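Below, each chain spelled out in residue letters.
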Amino acid sequence: MPKMVLAGIEIEVDEDGFIQDPDKWNEAVAKALAETEGVTELTEDHWKVINYLREYYLKFGIAPMIRKLCKDTGFTLKQIYDLFPSGPAKGACKIAGLPKPTGCV
Amino acid sequence: MPKMVLAGIEIEVDEDGFIQDPDKWNEAVAKALAETEGVTELTEDHWKVINYLREYYLKFGIAPMIRKLCKDTGFTLKQIYDLFPSGPAKGACKIAGLPKPTGCV
Amino acid sequence: MPRTDFGPPHYGEMLPPVIKRNYGKWAYHEILKPGVLKHVAESGEEVYTVRVGSARLLSTDTIREICELADKYCDGYVRFTSRHNIEFLLSNKENIEPLIAEVKAKGWPVGGTGTCLSNMVHTQGWIHCHTPATDASGIVKAVMDELYSYFEEAKLPAKLRIALACCLNMCGAVHCSDIAILGIHRTPPRVNHEMLAKVSEIPTVVASCPTGAIRPNPKLKSVDVIEERCMYCGNCYTMSPAMEIMDPENDGISIWVGGKVSNARSAPMFSRLAIPYLPNNPPRWPEVVEAVKHLVEVWATHARKGERMGEWIERIGWESFFKLTGIPFTDKHIDDFIFSVPTFRTTVQFRW
Amino acid sequence: MPRTDFGPPHYGEMLPPVIKRNYGKWAYHEILKPGVLKHVAESGEEVYTVRVGSARLLSTDTIREICELADKYCDGYVRFTSRHNIEFLLSNKENIEPLIAEVKAKGWPVGGTGTCLSNMVHTQGWIHCHTPATDASGIVKAVMDELYSYFEEAKLPAKLRIALACCLNMCGAVHCSDIAILGIHRTPPRVNHEMLAKVSEIPTVVASCPTGAIRPNPKLKSVDVIEERCMYCGNCYTMSPAMEIMDPENDGISIWVGGKVSNARSAPMFSRLAIPYLPNNPPRWPEVVEAVKHLVEVWATHARKGERMGEWIERIGWESFFKLTGIPFTDKHIDDFIFSVPTFRTTVQFRW
Amino acid sequence: MAESRTPRVDELEKGPWPSFVKEMKRAAEKKPAAGDLLRQLDLSYEEKVGHWKHGGIVGVRGYGGGVIGRYSNKPEEFPEIREFHTIRVNQPSGWFYTTKALRSLCDIWDKYGSGLTNFHGSTGDIILLGTTTENLQPCFDELSDAGFDLGGSGGGLRTPSACVGPARCEYSCIDTLDVCHSLTLEFQDFLHRPQWPYKFKIKVSGCGNDCVAAIARADLAIIGTWKGPLQINQAAVAEYVKNGLDIEEEVIERCPTRALAWDAANGELKLSAEDCVRCMHCINRMPKALKPGTERGATLLVGGKATILKSAFLGWVIVPFMSLTPPYTELKDLMGRIFDWWDENAKNRERIGELIYRLGMRTFLKEVGLPPVPQMVFRPRANPYVFWWPEEVKRNA
Amino acid sequence: MAESRTPRVDELEKGPWPSFVKEMKRAAEKKPAAGDLLRQLDLSYEEKVGHWKHGGIVGVRGYGGGVIGRYSNKPEEFPEIREFHTIRVNQPSGWFYTTKALRSLCDIWDKYGSGLTNFHGSTGDIILLGTTTENLQPCFDELSDAGFDLGGSGGGLRTPSACVGPARCEYSCIDTLDVCHSLTLEFQDFLHRPQWPYKFKIKVSGCGNDCVAAIARADLAIIGTWKGPLQINQAAVAEYVKNGLDIEEEVIERCPTRALAWDAANGELKLSAEDCVRCMHCINRMPKALKPGTERGATLLVGGKATILKSAFLGWVIVPFMSLTPPYTELKDLMGRIFDWWDENAKNRERIGELIYRLGMRTFLKEVGLPPVPQMVFRPRANPYVFWWPEEVKRNA
Ligand code: SRM
Ligand code: SRM
Ligand code: SRM
Ligand code: SRM
Ligand code: SF4
Ligand code: SF4
Ligand code: SF4
Ligand code: SF4
Ligand code: SF4
Ligand code: SF4
Ligand code: SF4
Ligand code: SF4
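Residues numbered from 1 in each chain as written. Chains lettered and ligands numbered in written order. Predicted model: local features only at pLDDT ≥ 70, side-chain atom pairs only at ≥ 80, totals over all residues. Heavy atoms only, no water.

Enquirer: Quick one: what's the story with helix H14 (residues 361–368) of chain F, residue by residue and with numbers?
Expert: Residues and elements named next belong to chain F. Most of H14 is tucked away: 6 of the 8 residues are buried. Regarding H14, the residues found buried are Met361, Arg362, Thr363, Phe364, Leu365 and Val368. Its buried side turned inward, H14 meets strand S13 (295–302), strand S14 (316–322), helix H12 (329–345) and helix H13 (352–359). Looking one or two places after H14, you find Gly369, whose phi comes out positive at around 75°. (Buried < 20%, exposed > 50% of the residue type's maximum accessible area, 1.4 Å probe, protein only. Helix = DSSP H or I, 4+ residues; strand = E, 2+ residues; numbered from the N terminus. Contact = heavy atoms within 4.5 Å.)

Here it is, written out as structure tokens:
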């Protein structure tokens, strides 16, 4: 497993840069991850999405479906791509420290 | 609903003589019910079956299947009919104060 | 203590002598006319059968009347068929017509063989069952009155088997009949919580629902019905008197077609939904009688010789069946239960 | 920021002039010989197609070679078929033979039309996928080498479509091919609990199992596999890297037959299990090649003209198929998934 | 007489088909219960709803089944049918009777019951329609003296039935009456003392015409068949054709596998024996000319049933051919294994077909010891969800 | 040269069929990644197991799909394929190319990738096989400059594809290429930004021959068809017969509904138009003589898919006939409603067919506003488990 230094701590990530241990996540890590995804600043809107994803994940053990994400955050998918250019799965979920979305690729 | 006087108390029974409120059941009621099913004396073997049925019912909310009844009590079905001439459903279950077995008739 | 477990009387005691002598040694048969069969044995002996329609629900006195005829013409033997007709077995050809004359004088029909309509297999209905959505004997009588001539005359393309069941338990063979009349409920059961708590096995009630519409309600020691998932089969009522399902306002009848049981030509087939709902309209259920008659007539007009209802429909396609009969096709006709997928049309082959 | 969402090039830019002129106005076609089609337009114009077999996995240099031929003979246009063959479209009849000569000189086959075997539709296998139970390209090459003459010569009773998929995801159309080669796992996944706890969505993993073999294990923050209920589909692995499914000792290949997609004559049909297991034996998988060849030959010997593999089998009955091919029938052949019941034989009609 | 008390059902006395209402009135002349029944029915016709209470468990000593309990939900209005239980009496194989036997039934029923019957119920029993709880035991006692035993009800074996078979049918490939009788006797304990998860029905037909609808209604259908070519009397075929049978249209074209051809020139019917699937059609059309083959036996099918719970099933072939000669040991042994496996594994109210569907045919076949053969299926599986037994793979660890 | 490092796969250079190994070696001459790929494959052949790690999520800015991430699990041994992602490029409708376009693809891929491709993937994309994470974005940028956009992956619309259709086929009843292109453009957002529960595939075939296997592989299959009688040129039919076509055996007998008859005396082909189910067979056999009818359009089918989860489905007819002329508004509106209903109701990784199976066709039809017609089913339901909408019954309380 490769390791990355994120926000000063060494964290295991996979090849795609997803952190391997969700417990290691914190806001600073999020910021560091954001940079790897071309998000230079985490605005309130970014945090709204990130926090939503995290809470959803902690509650249900899964990432929400995109439709739900949009409905619940009030952002259109376009807006989400504007916030996270690599998209909700590769971008937002990674920054929120969720396990790598599997499945349908 | 007809009522019957069983062991001195008036208890609601249905047309088939099954008591309508399982909570009203007690050993005396069992004895009284036994008489209605042509069982004049409740021997140890009778009680083994009755207690088994009751416990099973209280635990699982249903009467056991016959195969299980025989396996768990160690009686053959023939022996059960010898004990309860009207059989496990109409005889033993009634005496044990279970709800009337429905279904497959 | 009475005797037990001795079983039914041995059939050997019940067989007429001519049958005993030629048991398993029959050579061929002919249908002499509707309701009259002639079976010829390898020995050359012959037995004649006169088949008589029955109400099935018989009084003991009527059975005694049957016995009198059997004594007079059949050496004291008689049988019933798997569709509840009476069969008089004669070893003497001369007896056929006198017997028929007496039978007819009583108002009993002779027929039901070959390409006749036979008797309807049916169930108890309001006469003796606790879950019916309709009556049985009454509709049977009304339908058979209307189709009477098809029983007595061999004028159909093939055998016609009509059956009736008064609820989804489908006692009988309505699921495999040329035409089936089926009583249906159309509203979910009304749960009597207080009663349910006392007299029912909750896990059994929950497990009884084919569509998983029943959930335990531990608080009430009862169950709840998710109404959108309930298709009113009544199986939960069978498990618990506290799940009242009969509903005079909405109960009624559905009509099914195209089933068969024999392996002749085509494999056995299920009956399939033709008319989702007709009202209960006692005592003569005119809508049902009309619908059945119409189905028989459309089939009789269009089928080839020897083609059962279902065989005819499969040849022309169900699209054409709905067109020819004028029956509207609805979402109800499309299967939505476990094995639905294999009924969906997975080809662009179809008729307009 | 690059342009996005502009879509593929418009097909109009890619069509040869003769096609543009006669777009939607073709009158008929002929197969001049295997691999060579002639399409005639209402205008009287003609276009000739030379179909060339391809490895599908192509280097850029080979594509450039194709382009050279297309420039030389086809005004700079070329197309690929839905089965990955190359089609050279010629407006000049004279160019056919010279083109074919050059193609053949390169060692590329011409054929695949009409009653030829066409190219195999296949998948990635060990070349680029993460769940394969076998390779793709290698087996395809071995099979096509063996059946080569069927591609070049029109000597089969009908079209023959062979496909391969390296796992149960069935990328491609193996589920509806005359012959399908399918990679299968045969042992349950090995759960890496520690890893699973970290990198997986447990509810998703549980829900991924078609047979409900996966239960959450809250203690380990992981899942357990009920091994008797697992049929090794690998779908849980798709959901989690912690459910290792590849097993070199037991992975292998199954062979399926009788599928088709076209609506011609018979409705589309699924391929059905013929051989439950053959070993992985790289580089040439002789057992698989042998089995496929045998199937082709038995079909070619017995089918009527124009009868696809599945049509032939349905006519003679699957009983006869197993008899004629000598393939043993096992419990594996009997469906036991959701829609099993409609596959069970519900008639006494069958061959011995 | 004054106005009828049953104006609605009276309507059904009219019309040519025999009237059940007339039967009820006839019984009512002697038996008040029949009259109350008619009046309750008339009320049902008025209200469009049944008037029987739910369920009812009544019976006779030593037996767990054979009686269906019923109570009117209007006992005050119809006191004579306050209790109105049905007794199921096991019919003789093939529904043959001496008038003596029938009369004894009538006499007993006039004494203890409503005077109303069903000849027969759709499982095949003689149905004695309606009596009181009190009368059940004496009625059974007299029935048993007259040689009639009870039929089945509840979670056990149901009364087996059989087509007329060798008694009067030239097609019968097995002795349906004897098979039925023998199995009834063999498994009586299961019939009289319900001890299984649900009902189990057996029906026996002598050939593929299946005149007892076994394939649709029996958990175990036993249907006569044969191996080898059917028997052809060419002269008799020619005779049919001479008499106007359109053999091409009515026979050749309708053979499901096109196993027949008519050589008009030589007046010969050609059979491709390996293609004949014994559907019976050609034999049915020409009974004087064609006969089943000489090596005879039965096909066994399991799983037939009506709708509840998983929808109706037609029976599935589990044994393509078994020769059946008394005492039918092979058959009985197999049935024993089937009963046992089912009883051990089924959930409450799960019929054998549903259990097989749930656990897979592979499990059923393995456990009851039957070899898989292609005759069991129309076609093999299309999905790749194949299970391997542990012993078939190499397990590492 | 010394002993080959890939002795096993080398075997596959032999034999007459074009060799993918040769292709890999050819690419390896310029591109080391192709060489490592070959060597890793050889290792797989030795060990009988794959050597790619699980999954991989990589992509380009602004898009959520179009790239399949892959990492070797032997990165030390095969460093050139440590990262080896596949780019799916949306092909032009019908897979037609100018050599110019093809060459520009080759040039870009030689610059950024392994030099290996699939022409095409089985969904229909151009597959550029293997590159590094770093190269993805620049590669896409150049592709886009060259006019090539990405195809689909993930939980969204997948690259639609179409048969050659009107471009070169006389049978085509619709403009397959245009329909495909127009739908691709219309729904691009769904293609590039996966936002649905699972994948959704569209394929377009011009007639029932279904040359893109739409019915088996597309969640929405659009298949050309017609109304009214097919067009017959009797003289041309006679010509086929004269030239040796056994019309009885090869055409008449094979018509699934026996809608045709051959009047040999008058040399006339008779059609029972209402029985023709447009299977294409007779037209296929006599393309010079027969043509589809003149009123043309398409049949729409939903639900086609491979095995996972509920087993493979073939597509189901949902619209028997829709005429298709640009801008295909009726079709697009319907698709919008279908996408919406599916997206709203499906579970994670539940394809539309599986959702319809779970909730019932009745619900689907109602929600997307399609009328039920008998063409949707082979036959109506056999089970009586019929649901009634609340408004269809009288509710008491
Ligand atoms: C008496 C009876 C058997 C019994 O044990 O009671 C019987 C007797 C005969 N059946 Fe049957 N069948 C009898 C119920 C059945 C049933 C069961 C049912 O209807 O519930 C079937 C299956 C029906 C179905 O497929 O739905 C049945 C399907 C046949 C067939 C196949 C018909 C077909 O083409 O599908 C034949 C052959 C024929 O008629 O050509 C047949 C033929 C016969 C023959 C000709 C056999 C013979 O050679 O003696 C008998 C006289 C038939 C007639 O009525 O013309 N029997 N026959 C049954 C009479 C019932 C009645 O009263 O109408
Ligand atoms: C080029 C192609 C369409 C494309 O857009 O790429 C195509 C082109 C034609 N097809 Fe096809 N079919 C093509 C894939 C298919 C497929 C799809 C597949 O195989 O994956 C099918 C469905 C196969 C199946 O049923 O499994 C297909 C089923 C047919 C049929 C029906 C055959 C049958 O009897 O079942 C015909 C009619 C015929 O051949 O008589 C047909 C007929 C034709 C005709 C004759 C149509 C025409 O008039 O131009 C074309 C030449 C056929 C030939 O090869 O002899 N095409 N055709 C595809 C060539 C693939 C290849 O390289 O081999
Ligand atoms: C009397 C009879 C109808 C008739 O008028 O002929 C009948 C009557 C009843 N049947 Fe039945 N069934 C009767 C033959 C059948 C048949 C036909 C057959 O056996 O050939 C079937 C379809 C075949 C089958 O078994 O699947 C049949 C399928 C059912 C079912 C549904 C079973 C299922 O698995 O789907 C039930 C429901 C139950 O058992 O809970 C049922 C339940 C009942 C009950 C006991 C209703 C109940 O739950 O209490 C009915 C009692 C009516 C009464 O008050 O007398 N009855 N029942 C038939 C028995 C007469 C006899 O013994 O000869
Ligand atoms: C590349 C391709 C195979 C090929 O060599 O041609 C392919 C490759 C993969 N498919 Fe596929 N599928 C490809 C066409 C198909 C098809 C055929 C089609 O689209 O016409 C199918 C069957 C039709 C269908 O969609 O049902 C198909 C059904 C699947 C499935 C099963 C879906 C199901 O509902 O049953 C999966 C599993 C999944 O999505 O998790 C899957 C998953 C995959 C994945 C992404 C494996 C995974 O879970 O990560 C494979 C990536 C391989 C790789 O490393 O590149 N692939 N996949 C095809 C796409 C190329 C293209 O874009 O042109
Ligand atoms: S069909 Fe239903 S209502 Fe009628 S007798 Fe059978 S169980 Fe009773
Ligand atoms: S009536 Fe049937 S579907 Fe409705 S709740 Fe009861 S068991 Fe379920
Ligand atoms: S079939 Fe399976 S292993 Fe092969 S490419 Fe598709 S997903 Fe990968
Ligand atoms: S391999 Fe398939 S069947 Fe086995 S546990 Fe995984 S998902 Fe379930
Ligand atoms: S099933 Fe066959 S043997 Fe029995 S009566 Fe019917 S035709 Fe005769
Ligand atoms: S019995 Fe049936 S299958 Fe056999 S030859 Fe006669 S018609 Fe054909
Ligand atoms: S599907 Fe029909 S229209 Fe399209 S290429 Fe094939 S034959 Fe021609
Ligand atoms: S298109 Fe098919 S169904 Fe129509 S007439 Fe021709 S062969 Fe028959």
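Enquirer: I'd love a proper account of the coordination of the iron atom of ligand 1, names of residues and values included.
Expert: Protein coordination of the iron atom of ligand 1 is limited to a single donor, Cys211 of chain E (SG), positioned at 2.3 Å. Mapping Cys211 of chain E onto the fold places it in the loop between strand S7 (202–205) and helix H8 (214–217). (Donors = N, O, S within 2.8 Å, 3.2 Å for Na, K, Ca; no water.)

Enquirer: Explain the interface of chain E and chain C to me, and be specific about the residues and the numbers.
Expert: Each side of the interface is counted separately: chain E has 116 residues, and chain C has 115 residues. Contact between chain E and chain C buries roughly 10300 Å² in total, counting both sides, with carbon and sulfur atoms accounting for 61%. Of all residues in chain E, Trp17, His54 and Arg168 of chain E give up the largest surface area on contact with chain C, accounting jointly for 10% of the area buried on that side. Across the chain E-chain C interface, the total number found is 9 salt bridges. A salt bridge links Asp107 of chain E to Arg64 of chain C; its shortest N-O distance comes to 2.8 Å. The interface formed by chain E and chain C includes 66 residue pairs in polar contact (both at pLDDT 80 or more). No other element matches the 8 residues that helix H4 (residues 99–112) of chain E contributes to the side of chain E that touches chain C. For the side of chain E that touches chain C, the residue count by class is 50 nonpolar, 34 polar and 32 charged. In the sheet, strand S4 (residues 57–59) of chain C pairs with strand S4 (residues 116–119) of chain E via 3 bridges, with the strands oriented antiparallel. Bridge pairing in S4 of chain E links Ser59 of chain C to Leu116 of chain E. (Buried area = accessible area lost by both parts, 1.4 Å probe. Salt bridge = Lys/Arg side-chain N within 4 Å of Asp/Glu carboxyl O. Polar contact = N/O pair within 3.5 Å; in protein donor to acceptor, adjacent residues only side chain to side chain. Nonpolar A, V, L, I, M, F, W, Y, C, P; charged D, E, K, R; others polar. Pairing = 2+ DSSP bridges.)

Enquirer: Please set out the packing of aromatic side chains residue by residue, giving values where relevant.
Expert: Overall, the coordinates contain 70 aromatic pairs over all chains when judged by the stated rule. With centroids separated by 5.9 Å and ring planes inclined at 40°, the aromatic side chains of Tyr52 of chain B and Tyr56 of chain B adopt a geometry described as tilted. With Tyr52 of chain B and Tyr56 of chain B both in helix H2 (residues 44–60) and 4 residues apart, this pair spans about one turn of that helix. Relative accessible area serves as the criterion here: at 15%, Tyr52 of chain B is assigned to the buried category. With 4.5 Å between their ring centres and 40° between their planes, Trp196 of chain E and Phe339 of chain E make a pair best called tilted. With a gap of 143 residues between them, Trp196 of chain E in the loop between helix H7 (188–192) and S7 and Phe339 of chain E in helix H12 (residues 329–345) connect regions that are remote in the sequence. The exposure classification of Trp196 of chain E matches that of Phe339 of chain E, with both residues buried. When the ring centre of Phe96 of chain E is taken as origin, the NZ or CZ atom of Arg79 of chain C, which lies over that ring, is 5.1 Å away. Taking the ring centre of Tyr150 of chain C as reference, the NZ or CZ of Lys155 of chain C above it sits at 4.7 Å. (Phe/Tyr/Trp six-rings, centres within 6.5 Å; stacked < 30°, edge-to-face > 60°. Lys NZ or Arg CZ within 6 Å of the ring centre and 35° of its normal.)

Enquirer: Let's hear about the domain arrangement of chain E: which residues, and what values?
Expert: Residues and elements named next belong to chain E. Split into domains, chain E comes out as domain 1 (7–145), domain 2 (161–226 + 296–392) and domain 3 (231–291). Put simply, the middle of domain 1 and the middle of domain 2, counted by C-alpha atoms, are 32 Å apart. Every contact between the two is made by 12 residues of domain 1 and, on the other side, 16 residues of domain 2. When domain 1 packs against domain 2, the two sides together hide about 1000 Å² of surface, and 53% of this comes from carbon and sulfur. If you sort the residues of domain 1 by the area they bury against domain 2, Tyr63, Ser93 and Thr123 come out on top, with a joint share of 40%. There are 0 salt bridges connecting domain 1 and domain 2. The tally of links from domain 1 across to domain 2 stands at 7 residue pairs in polar contact (both at pLDDT 80 or more). Looking at the side of domain 1 that touches domain 2 residue by residue, the classes come out as 3 nonpolar, 9 polar and no charged. (Domains from an automatic or database assignment.)

Enquirer: Could you give an account of the pairing of strand S2 (residues 36–41) of chain D, naming the residues involved and the relevant values?
Expert: Residues and elements named next belong to chain D. Taken across its 6 residues, S2 has 6 buried, putting it largely inside the fold. Here S2 shows no split at all, with Val36, Lys38 and Val40 on one side and Leu37, His39 and Ala41 on the other all buried. Relative to S2, strand S1 (residues 26–33) is paired through 6 bridges, and the arrangement is antiparallel. Paired with Trp26 across the bridge in S2 is Ala41. Here S1 hands over to S2 after 2 residues, with Gly35 in that stretch at a positive phi of 90°. In the sheet, S2 pairs with strand S3 (residues 46–52) via 5 bridges, with the strands oriented antiparallel. Counted as the bridge partner of Val36 is Val50 from S3. Hairpin connection, S2 to S3: the antiparallel pair is bridged by 4 residues, and Gly44 has positive phi, about 95°.

Enquirer: Residue-level account of the interface of chain D and chain F, with values.
Expert: By convention, interface size is frequently given as the accessible area that disappears when the constituent parts associate. Listed by partner, the interface residues are 115 residues for chain D and 116 residues for chain F. Around 10200 Å² of area is buried between chain D and chain F when both sides are counted, 61% of it from carbon and sulfur atoms. In terms of surface lost to chain F, no three residues of chain D exceed Trp126, His128 and Arg265 of chain D, which account for 7% of the buried area on that side. Summed over the shared surface of chain D and chain F, the number is 9 salt bridges. When the shortest N-O distance is used, the salt bridge between Asp5 of chain D and Arg193 of chain F registers 2.6 Å.

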